[in-house]
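Close look at the chain arrangement
The residues making up each chain are set out below.
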Amino acid sequence: MNVAVLAPVFERLQRDPRIEVRFTAGRPAELVDAARSIGVRARIHSRQSMEWRRIDVCLTADPWDPIRLRRCWRRANFFHGMAGKYDLDSPGSLPIGFAEYDRVAFINADRMRRYLQAGIVAPEAAVLVGYPKVDALVNGRYDAAAIHGRLQLEMHRRTAIYAPTWSPASSLNLAGEEIVRSLVDAGFNVIVKLHDRSLDAGEPRFSGGIDWRARFARIHCPGRLAFAEWADSSPLLAASDVMVTDHSSIGFEFCLLDRPVVVFDAPDLPRLARINPEKIALLRGASRVVRTAADVGPAALAELADPGSLADRRRAVAREMFYEPGTAAERALAMVYDLPELPASASPEPGSRHPGLRSTARPSFG
């Protein structure tokens, strides 16, 4: 997921012959396939191997887990969500050192205001960028029919995406399989897109200790059900007519398409995930809320039968949660190029040869 958040930035940096882009992760082997699928054209290094390497600019999308770099000049962080979970909307109590970042890219004005007022981020470090990850979605760059084909879903059916958050208290752990069955029984194709952390069966805090791949494999229905482990969820949203979630950033992202959202009420989730009540009210105000798995399929059908009923609220959510969607990547790149004081220039066309040897004159981005 974090690779997908940064992809619109690094794919452009990789085409700049003045820049060498290096990738690093805590568990590199687990990221190889996902990273290649969204444009990483280089080896993924271990964090240990990067600790003493000279890096001009470090770009991250996870402030909870900063990398230790002893020879890094500048750092920038991009938020990877905006749903108000885990106290990220109440930064005064967060055990995160935002002061180490020279720039913090904010998705919307509300969160930037909170961090500035709390003194967590200095005014000169805060940049209102938006969310580059959704630019392609907003600008209609995905072919829904082609995505259905890749997922091997029946072309003549409408498609629902089930995208719960990660938590033992999420709708996934309460009734995930029953929710999917209800959608299939209602006549939908179903895309199951779980949060990355829900797939970590070895960590009960994330997945409840359940192997969700195996659980959904047992109810697989060829042509009707696709279990998608795509790094970037945006193409899956473009291929979906309705979403079912509980509370997650992906629900807000779907509002950008002005398509119906069904929220499954998970009663303990707000407490355990420490969700800002304002964000809960915002998403639910633009959605149909259901409390039993049996109601999910009928609710999705009802929403599609009257897709305009909550359209004004969905559009209001999109305006509030995303700063100028569709143009965020350009602002992100301007911020990144400013850090090493490198003038932005027209990037070579995709597919042009990227220099393989590093020179001390070329800034190194990690």
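The structure contained in this document is the topic of the report that follows. Values in this document were obtained by computation on a predicted structure and should not be read as measured data.

This next bit is on the overall build of the protein chain. Tallying secondary structure elements over the protein chain gives 16 helices and 14 strands in all. The C-alpha radius of gyration computed for the protein chain amounts to 21 Å, which stays within 12% of the reference 21 Å derived for 366 residues, consistent with globular compactness. If you line up the protein chain on its principal axes, its C-alpha atoms span 60 × 45 × 40 Å. Burial statistics for the protein chain: of 366 residues in total, 54% are counted as buried.

Bringing the sheet that holds strand β11 (residues 242–245) into the picture now. Where strands meet in a sheet, backbone hydrogen bonds hold them as pairs that are either parallel or antiparallel. The strand order across the open sheet built from 6 strands is β10-β9-β8-β11-β12-β13, with neighbouring strands paired in parallel fashion. Where the open sheet ends on each side, the last strands, each with one partner, are β10 (225–227) and β13 (288–290). Pairwise comparison of adjacent strand axes, ignoring direction, gives a mean angle of 20 degrees for this sheet. Two strands pair when backbone bridges link them, and β11 and strand β12 (residues 261–264) are joined in this way by 3 bridges, in the parallel orientation. Note that in β12 the partner of Met243 across the bridge is Val261.

With the rule as written, the count across this model stands at 31 salt bridges. Close ionic contact of Glu330 with Arg12 constitutes a salt bridge, the shortest N to O distance being 2.9 Å. Here the residue Glu330 occupies a position in helix α16 (residues 328–338), and Arg12 occupies one in helix α1 (residues 2–13), the gap between them amounting to 318 residues. For the salt bridge of Asp265 with Arg284, the shortest nitrogen-to-oxygen distance reads 2.7 Å.

Mapped onto the elements, Arg75 comes out in strand β5 (residues 72–78). Assessed through its relative accessible area of 11%, Arg75 is described here as buried. In contact with Arg75, not counting residues within four places along its chain, are Cys58, Ile67, Arg68, Leu69, Glu100, Tyr101, Asp102 and Arg103.

This part takes up the packing of helix α7 (residues 171–185) against helix α14 (residues 296–305). Closest axis-to-axis distance for the α7/α14 pair is 7 Å, and the angle between their directions is 50 degrees. Taken together, the axes of α7 and α14 are oblique relative to one another. In this structure, the crossing between α7 and α14 has a hand that is right-handed. Note on element contacts: α14 touches α7 through Val296, Gly297, Pro298 and Ala300, opposite Ile179, Ser182 and Leu183. Classifying every residue of the contact of α7 with α14 by side-chain character gives 5 nonpolar, 2 polar and no charged.

Further remarks concern the pairing of strand β9 (residues 189–192). For a regular strand, the rule is simple: side chains alternate between the two faces of the sheet. Neither face of β9 is exposed, since Asn189 and Ile191 on one face and Val190 and Val192 on the opposite face are all buried. Pairing of strand β8 (residues 159–162) with β9, which is carried by 4 bridges, proceeds in the parallel orientation. Each bridged residue has a counterpart across the sheet, and for Tyr162 the counterpart in β9 is Val192. As for the winding sense of the linkage, the β-α-β connection from β8 through α7 to β9 is right-handed.

Taken as a whole, this structure holds 12 aromatic pairs when the rule is applied. Pairing Phe10 with Phe23 gives two aromatic rings, centres 5.0 Å apart and planes at 85 degrees, and the pair type is edge-to-face. Taken together, the residues span a long stretch of sequence, with Phe10 in helix α1 and Phe23 in strand β2 (residues 23–25) at a distance of 13 residues. Judged by its relative accessible area of 12%, Phe23 falls in the buried class. An angle of 55 degrees between the planes, with centres 6.1 Å apart, marks the rings of Phe98 and Tyr101 as tilted. Here Phe98 and Tyr101 have matching classes, each one buried. Positioned above the aromatic ring of Phe79 is the side chain of Arg111, whose terminal nitrogen or guanidinium carbon lies 5.0 Å from the ring centre. The ring of Trp166 carries the charged tip of Arg197 above its face, separated from the ring centre by 4.9 Å.

The next point concerns the packing of helix α13 (residues 277–285) against helix α15 (residues 311–321). Interhelical geometry of α13 versus α15 gives an angle of 145 degrees and a closest axis separation of 8 Å. Of α15, the residues touching α13 (which contributes Lys279, Leu282 and Gly285) are Arg313, Val317, Glu320 and Met321. Partitioned by chemical class, the residues of the contact of α13 with α15 number 3 nonpolar, 1 polar and 3 charged.

A few words on the side chain of Ser240. Within the element layout of this structure, Ser240 appears in the loop between α10 (234–238) and β11. In this structure the side chain of Ser240 is engaged in a polar contact, spanning 2.7 Å, whose partner is the backbone oxygen of Leu236. Among residues more than four places away in sequence, those in contact with Ser240 are Thr159, Ile161, Ile191, Phe254 and Arg259.

So, how was this worked out
Residues numbered from 1 in each chain as written. Predicted model: local features only at pLDDT ≥ 70, side-chain atom pairs only at ≥ 80, totals over all residues. Heavy atoms only, no water. Helix = DSSP H or I, 4+ residues; strand = E, 2+ residues; numbered from the N terminus. Rg over C-alpha atoms; globule rule 2.2 N^0.38 Å. Buried < 20%, exposed > 50% of the residue type's maximum accessible area, 1.4 Å probe, protein only. Pairing = 2+ DSSP bridges. Axes fitted to C-alpha atoms, helices over the stretch in contact; angles between N-to-C directions. Salt bridge = Lys/Arg side-chain N within 4 Å of Asp/Glu carboxyl O. Contact = heavy atoms within 4.5 Å. Parallel < 35°, antiparallel > 145°, perpendicular 65-115°, else oblique. Left-handed = near helix turned anticlockwise from the far one by under 90°. Nonpolar A, V, L, I, M, F, W, Y, C, P; charged D, E, K, R; others polar. Right-handed = clockwise from strand over helix to strand, strands pointing away. Phe/Tyr/Trp six-rings, centres within 6.5 Å; stacked < 30°, edge-to-face > 60°. Lys NZ or Arg CZ within 6 Å of the ring centre and 35° of its normal. Polar contact = N/O pair within 3.5 Å; in protein donor to acceptor, adjacent residues only side chain to side chain.

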